[in-house]
Amino acid sequence: MSFRNTLWLFCLALLGLRQACRPDVVKKEAANLFFDLEAFFQSEAERLASQQKVDKKITMNGVTEQQQESDWNAAEELKGFKDLHINRPAWRDQYLVDSLRGTNGEITGLRYVAVDSTMRIREVEVDWADGAVSEIRVEKHMKNLIVFFHQTLLYRPGQGYSIWRAQKVPLKKKSEMV
């Protein structure tokens, strides 16, 4: 290989590295991976506000109770989901973000995982199907000398939500609620 060809390849490699290391490209990608849970659940509460009746089922320590409610507030019901947003400026570096892309390059899934194990919200997953959110799953943990608490929240637009909660307090029996 001649000196001229080697020099040409070296220059192309430097140009490629310069483009690959551009921080503005990374920032644009990170901005595209932002999902606003708070705004999403606000719009869901507005969409569901006109719904007249809802079915509720609660299982606690193996005992199930089911009822139909006609007087319900969608905004209040979804408040627990709305308050789980992790896009606070102070937490910007506290979560790793991974994305799944479809065949056309569209985002079909986002996964946020806490870097620090002391963060209460450990994981948030958002999945899309046909361009719309199909599922949101949030994992919360808390562990200290008094209590171990684990909660999984699952929301599927058009189907409903479920919350699974397990709690263990020293010297007491573990309790579960769905």
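Parameters and conventions
One numbering rule holds for all chains: residues counted from 1, following each sequence as written. In keeping with the model being predicted, local features are shown solely for residues with a pLDDT of at least 70 and side-chain atom pairs are shown and tallied solely at 80 or more, while totals for entire chains, interfaces and linings include all residues. Only heavy atoms go into the side-chain values, all of them from the structure, while hydrogens and water stay out. What counts as a helix is a DSSP run of H or I of at least four residues, what counts as a strand is a run of E of at least two, and both are numbered from the N terminus. Exposure classes here rest on a 1.4 Å probe applied to the protein chains alone. A residue is buried below 20% of its type maximum, exposed above 50%, and partly exposed in between. In this analysis, two residues are considered to be in contact whenever any of their non-hydrogen atoms come within 4.5 Å of each other. Per-residue and other accessible areas were derived by the Shrake-Rupley procedure at a 1.4 Å probe size, with only the shown protein chains allowed to occlude residues. One number per residue, pLDDT, summarises how confident the predictor is, and it ranges from 0 to 100. A cavity here means a set of 1 Å grid points, computed over protein atoms only, where a 1.4 Å probe fits but cannot escape. A pocket is an open set with protein on both sides within 12 Å along at least 5 of 7 lines, and lining residues have an atom within 4 Å of a point. Grid points are joined across faces, edges and corners, and a volume is the space filled by probe spheres set on the points. Three classes are used: nonpolar for Ala, Val, Leu, Ile, Met, Phe, Trp, Tyr, Cys and Pro, charged for Asp, Glu, Lys and Arg, and polar for all others, with Gly counted as polar. Salt bridges are defined as contacts in which a side-chain nitrogen from Lys or Arg sits within 4 Å of a carboxyl oxygen from Asp or Glu.

Colleague: Can you walk me through the overall build of the chain in this structure?
Modeller: Helices and strands together make up the secondary structure of the chain, namely five helices and nine strands. Its helices and strands taken in sequence order, the chain reads α-α-α-β-β-α-α-β-β-β-β-β-β-β from the N to the C terminus. Considering the chain as a whole, with its 178 residues, one finds that 26% of them fall into the buried category. Nonlocal contacts in the chain, meaning residues at least 24 apart in sequence, comprise 33% of its contacts between residues at least 6 apart. In the form shown here, the chain has an accessible surface area of approximately 12,800 Å², with 56% of it arising from carbon and sulfur atoms.

Colleague: Just checking my understanding: could you explain the confidence of the model for the chain for this structure?
Modeller: Reading predicted coordinates in detail is not appropriate for stretches of low pLDDT. Mean pLDDT over the chain stands at 78; residues scoring 70 or higher make up 78%. Summarising per-element confidence for the chain, the mean pLDDT is lowest in helix 2 (residues 23-32) (40) and highest in strand 5 (residues 121-129) (93). Low pLDDT (under 50) marks residues 7-31, which in the prediction has two contacts with non-local residues, meaning those over four places away or in another chain.

Colleague: Even after reading the chapter, I still don't get the layout of surface pockets, so can you show me in this structure?
Modeller: By rolling a water-sized probe across the atoms, one finds the places where empty space is left. Looking at the largest pocket, its volume works out to about 920 Å³. Residue lining of the largest pocket: 31 residues in total, with Asp55, Glu77, Gly160, Tyr161 and Ser162 positioned closest to the centre. Sorting the residues of the lining of the largest pocket by element identifies strand 1 (54-60), helix 5 (79-82), strand 7 (148-156) and strand 8 (160-168) as the ones contributing at least two each. Among the elements that take part in the lining of the largest pocket, strand 1 stands out by supplying six residues, more than any other. In the lining of the largest pocket, the residues fall into 14 nonpolar, eight polar and nine charged.

Colleague: What's the story with the pattern of salt bridges in this structure? I'm lost.
Modeller: Pairing between side chains of opposite charge can happen when the charged atoms of each approach one another. Evaluated as defined, the whole model comprises nine salt bridges. One salt bridge in this structure joins arginine 111 and glutamate 123, with 3.3 Å as the shortest N-O distance. One end of the pair, arginine 111, is in strand 4 (residues 107-114); the other, glutamate 123, is in strand 5, and 12 residues separate them in sequence. According to the relative accessible area criterion, glutamate 123 is buried, its value standing at 14%. The partner of arginine 111 in a salt bridge is glutamate 125, and the shortest N-O contact between them spans 3.7 Å. On the criterion of sequence distance, the pair formed by arginine 111 in strand 4 and glutamate 125 in strand 5 is long-range, its members being 14 residues apart. Of the residues examined, arginine 111 reaches a relative accessible area of 37% and is grouped as partly exposed. Each of Arg111, Glu123, Glu125, Arg137 and Glu139 takes part in a single network of salt bridges with overlapping partners.

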